[in-house]
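Residue-level structural notes
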Amino acid sequence: MDRIPILKMGDYLLVTVQVDMHDRLAMTLQEDLAERIVKARARAVLIDISALEVVDSFIGRMLGSIAAIARVLDAETVVVGMRPAVAITLVELGLALPGVRTALNVEKGMEILRRSLGHSEGNGNGAAAESVAPPSEADAER
Amino acid sequence: MLRDDTLSLRSSEDIVLIRQAVRSAAVDLRLSLVDQTKIVTAASELARNTLDYGGGGTVRIEALQDSGRRGLRLTFEDKGPGIPDLERALKDGYTTGNGLGLGLGGARRLSSEFAIESRPGEGTKVTIARWTT
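This next bit is on the interface of chain A and chain B. On the side of chain B, 23 residues touch chain A, which itself brings 18 residues to the contact. The element that contributes the greatest number of residues to the side of chain A that touches chain B is helix α3 (residues 84-93) of chain A, accounting for six residues. Split into classes, the residues belonging to the side of chain A that touches chain B amount to seven nonpolar, four polar and seven charged.

To continue, consider the packing of α3 of chain A against helix α2 (residues 33-52) of chain B. Where α3 of chain A contacts α2 of chain B, the axes come no closer than 9 Å and their chain directions differ by 45°. Overall, the two elements α3 of chain A and α2 of chain B adopt an arrangement that is oblique. The hand of the α3 of chain A/α2 of chain B crossing is right-handed. Contacts between α3 of chain A and α2 of chain B pair Ala85, Val86, Ile88, Thr89, Glu92 and Leu93 of chain A from the former with Leu33, Val34, Thr37, Lys38 and Thr41 of chain B from the latter. Tallied by class, the residues present in the contact of α3 of chain A with α2 of chain B amount to six nonpolar, three polar and two charged.

This part is about the pairing of strand β5 (residues 123-131) of chain B. Residues and elements named next belong to chain B. Burial along β5 is one-sided: the face carrying Thr124, Val126, Ile128 and Arg130 is buried and the face carrying Gly123, Lys125, Thr127, Ala129 and Trp131 is not. Relative to β5, strand β3 (residues 69-78) runs antiparallel, the two sharing eight bridges. Counted as the bridge partner of threonine 75 is threonine 127 from β5. Bridge count between strand β4 (residues 113-119) and β5: seven bridges; the pairing is antiparallel. Note that in β5 the partner of phenylalanine 114 across the bridge is isoleucine 128.

Every α-helical turn comprises 3.6 residues, leaving residues that sit three or four positions apart pointing alike. Taking 1.5 Å of rise per residue, 16 residues should cover 22 Å, and helix α2 (residues 57-72) of chain A covers 22 Å from first to last C-alpha, within 8% of that figure. Every buried residue of α2 of chain A is accounted for by Ser57, Phe58, Ile59, Gly60, Leu63, Ile66, Ala67 and Ala70 of chain A. Buried-residue contacts for α2 of chain A involve α1 (23-39), β3 (44-48), β4 (76-80) and α3 of chain A together with α2 and α4 (103-109) of chain B. In the segment just after α2 of chain A, aspartate 74 of chain A is the residue with positive phi, at about 65°.

Adjacent strands of a sheet form backbone hydrogen bonds with each other and so pair up, either parallel or antiparallel. All names here are of chain B. Pairing within the open sheet is antiparallel, and its five strands lie in the order β1-β2-β3-β5-β4. Looking at which strands have only one partner, the edges of the open sheet turn out to be β1 (4-9) and β4. Averaged over neighbouring strand pairs, the angle between their axes works out to 15° when direction is ignored. The sheet contacts of helix α1 (residues 12-28) involve β1, β2 (57-66) and β3, and relative to β1 the element is tilted by about 165°.

What counts, and where the lines are drawn
Residues numbered from 1 in each chain as written. Chains lettered and ligands numbered in written order. Predicted model: local features only at pLDDT ≥ 70, side-chain atom pairs only at ≥ 80, totals over all residues. Contact = placed C-beta atoms within 7 Å. Helix = DSSP H or I, 4+ residues; strand = E, 2+ residues; numbered from the N terminus. Nonpolar A, V, L, I, M, F, W, Y, C, P; charged D, E, K, R; others polar. Axes fitted to C-alpha atoms, helices over the stretch in contact; angles between N-to-C directions. Parallel < 35°, antiparallel > 145°, perpendicular 65-115°, else oblique. Left-handed = near helix turned anticlockwise from the far one by under 90°. Buried ≥ 20, exposed ≤ 12 C-beta atoms within 10 Å, placed from the backbone. Pairing = 2+ DSSP bridges. Expected span 1.5 Å × (residues − 1).

Below is the structure:
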């Protein structure tokens, strides 16, 4: 059966969507991620959609559900790499992805996650990363 | 020779095939990347409606040429139960299923032309077009 791979890296789960997903594949990803968050005790999920040429209301809704499910399971989600034409189309479609945090690329997405995990722990890597980031950049990404 | 294909729509895998066919037609017509993305997304919304509410059907993909303009017309047809209240169905957020209710209204916003005909008990036909600007 088709599945989108979920990679674990420390506290993070990484998903790169590289195929045009049919509806069932998207639903399977949602369920697999929920399972993996619990099993791996993950604190954060990063979803890279830079290969997706189309995000319709079904996929948009799935991204929103994943973010909501992860939140309930005490994990943060960031969606990264949306193409400009996809962003324009999504907004015109009427879907601005409320409740889904986004970042331009994987690096910026990881930075957001690291910072937000750092805040909730009050120390460790996240706090260190935050003190390194220049304040102007930190503001722009909030 | 202008493209004129009809594809059948029976499963959610067919929605992926339709997205790919519409993309390839839009690329052949040299629509801009944003216009390609809009019509492919509109096609995806309408294909899902045809499948979920019409019980499946067909999609006709036609390349158009009209006094120097190029365009793409898509016609989605099903023999499902039809839509009793079209005005309401076009409103954002209205759905009788479990989607977001953005399909018809969203597809209309993403298209240059939009037409819908529906007869209760006989089926629904939605036609959209996107022209080069």
